[in-house]
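# Working through the structure, step by step
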Amino acid sequence: MCLGCQESHPKKELIRIVRSPEGEYSVDTTGKKAGRGAYICPKQECFEAARKSRGLERSFKNAIDPAVYEALAQQLQALEVTAKTEE
Ligand SMILES: [Zn+2]
């Protein structure tokens, strides 16, 4: 289920955000990174919705620094741009 729009989508249409055992957050494009994961649509609007509703905090049961959100937003944006170029 997407953290932003709260809708169910096939996993391949979602991206995984992972919290590593060291407590670092990143966008997991391979789906194989170790750590706790949360899923979200690769869309800026879903990310913003998740940021507003504190979906990541709820999923990871941890406070998340705004800088982490910024870094994830940038990684997500890069993915979105790549996806558009490939169309
Ligand atoms: Zn979504």
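Report follows, based on the coordinates.

What counts and what doesn't
- Residues numbered from 1 in each chain as written.
- Predicted model: local features only at pLDDT ≥ 70, side-chain atom pairs only at ≥ 80, totals over all residues.
- Heavy atoms only, no water.
- Helix = DSSP H or I, 4+ residues; strand = E, 2+ residues; numbered from the N terminus.
- Pairing = 2+ DSSP bridges.
- Axes fitted to C-alpha atoms, helices over the stretch in contact; angles between N-to-C directions.
- Salt bridge = Lys/Arg side-chain N within 4 Å of Asp/Glu carboxyl O.
- Buried < 20%, exposed > 50% of the residue type's maximum accessible area, 1.4 Å probe, protein only.

### Thoughts on unusual backbone geometry
Trans is the prevailing form of peptide bonds, just as negative phi is the prevailing case for residues other than glycine. Even without being a glycine, Arg-54 presents a positive backbone phi close to 55 degrees. Its place among the elements puts Arg-54 in the loop between helix H1 (44-53) and helix H2 (55-60). Residue Lys-61 is not a glycine yet carries a positive backbone phi of 50 degrees. Secondary-structure assignment places Lys-61 in the loop between H2 and helix H3 (66-86).

### Remarks on the sheet that holds strand S2 (residues 25-28)
The three strands are arranged S2-S1-S3 in an open sheet whose pairing can be described as antiparallel. Looking at which strands have only one partner, the edges of the open sheet turn out to be S2 and strand S3 (36-40). The sheet shows a mean angle of 30 degrees between the axes of neighbouring strands, direction not considered. Of the pairings in the sheet, the one linking strand S1 (residues 15-19) to S3 comprises five bridges and is antiparallel in character. Counted as the bridge partner of Arg-16 is Tyr-39 from S3.

### With respect to the pattern of salt bridges
On inspection of all chains with the given rule, the structure shows four salt bridges. Put simply, Arg-16 and Asp-28 hold a salt bridge, and the shortest N to O gap is 2.7 Å. Of this pair, Arg-16 sits in strand S1 while Asp-28 sits in strand S2, and the two are 12 residues apart along the sequence. A relative accessible area of 3% means that Asp-28 is categorised as buried. We note a salt bridge from Glu-48 to Arg-51, for which the minimum N-O separation is 2.8 Å. Of this pair, Glu-48 and Arg-51 both sit in helix H1, three residues apart, roughly one helical turn.

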